[in-house]
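In case you want the letters, here they are:
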Amino acid sequence: MPTSRTHDSGRDSAGNTSGPSWASNVRRIAVLLALWAALTILPVYFGPRLSFSFLGWPFSYWMAAYGVPLAFLLIVVGYAAIMNGAGDTD
């Protein structure tokens, strides 16, 4: 049974993280998770105050139906773009 890995996953064969690249990846993930949580909680919290019309619909409905899912998609696309570029700089 081999003890070393054949690909670089950010950890060595003992399971330790490897330096600043792992720390920066964890920091990116933490920021994106905080953004995701804010996009989930804030529209619900401020929903009653968002009672104006936007494109013919109440703004709170528009945020729930279109705004937040598009923002989630942008988070995923942004993370993929950042991680594709991160491999080039290491």
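Every value quoted in this text rests on a predicted model; they were computed, and no experiment measured them.

1. Here we look at the overall build of the chain
When helices and strands are tallied, the chain shows 2 helices and 2 strands. Starting at the N terminus and ending at the C terminus, the chain contains elements arranged as α-β-β-α. Counting across all 90 residues of the chain, residues that qualify as buried make up 13%. Taking all contacts inside the chain whose residues are at least 6 apart in sequence as the whole, residues at least 24 apart take part in 47%. For the chain, the exposed area adds up to about 7000 Å²; of that, 68% sits on carbon and sulfur atoms.

2. A look at the UniProt feature "transmembrane region" (unreviewed entry) in the chain
Under the UniProt annotation, "transmembrane region" (unreviewed entry) lies at residues 29-47 and 59-82. Secondary structure over residues 59-82 splits into 100% helix and 0% strand, and the C-alpha atoms at its two ends are 31 Å apart.

3. Re the environment of Leu39
The topology assignment puts Leu39 in helix α1 (residues 19-45). Note on Leu39: relative accessible area 22%, which makes it partly exposed. Counting along the chain gives 30 residues from Leu39 to Pro69, while the straight-line C-alpha distance between them is 9.3 Å. Beyond its immediate sequence surroundings of up to four residues, Leu39 is in contact with Val68, Ala71, Phe72 and Ile75.

4. Examining the packing of aromatic side chains
This model, assessed by the stated rule, comprises 7 aromatic pairs. Taken together, a centroid distance of 6.4 Å and an interplanar angle of 45° make the contact between Trp62 and Tyr66 tilted. With Trp62 and Tyr66 both in helix α2 (residues 59-89), this residue pair falls 4 residues apart, about one helical turn. One aromatic cluster is present, formed by Phe52, Phe54, Phe59, Trp62 and Tyr66 through successive ring pairs.

5. What to know about the environment of Gly67
Within the fold, Gly67 resides in helix α2. For the pair formed by Gly67 and Leu39, sequence separation is 28 residues and the distance between their alpha carbons is 9.3 Å.

Thresholds applied
- Residues numbered from 1 in each chain as written.
- Predicted model: local features only at pLDDT ≥ 70, side-chain atom pairs only at ≥ 80, totals over all residues.
- Heavy atoms only, no water.
- Helix = DSSP H or I, 4+ residues; strand = E, 2+ residues; numbered from the N terminus.
- Buried < 20%, exposed > 50% of the residue type's maximum accessible area, 1.4 Å probe, protein only.
- Contact = heavy atoms within 4.5 Å.
- Areas by Shrake-Rupley, 256 points an atom, 1.4 Å probe, with all protein chains shown as cover.
- UniProt positions renumbered as here; feature names shortened; annotations may be inferred.
- Phe/Tyr/Trp six-rings, centres within 6.5 Å; stacked < 30°, edge-to-face > 60°.

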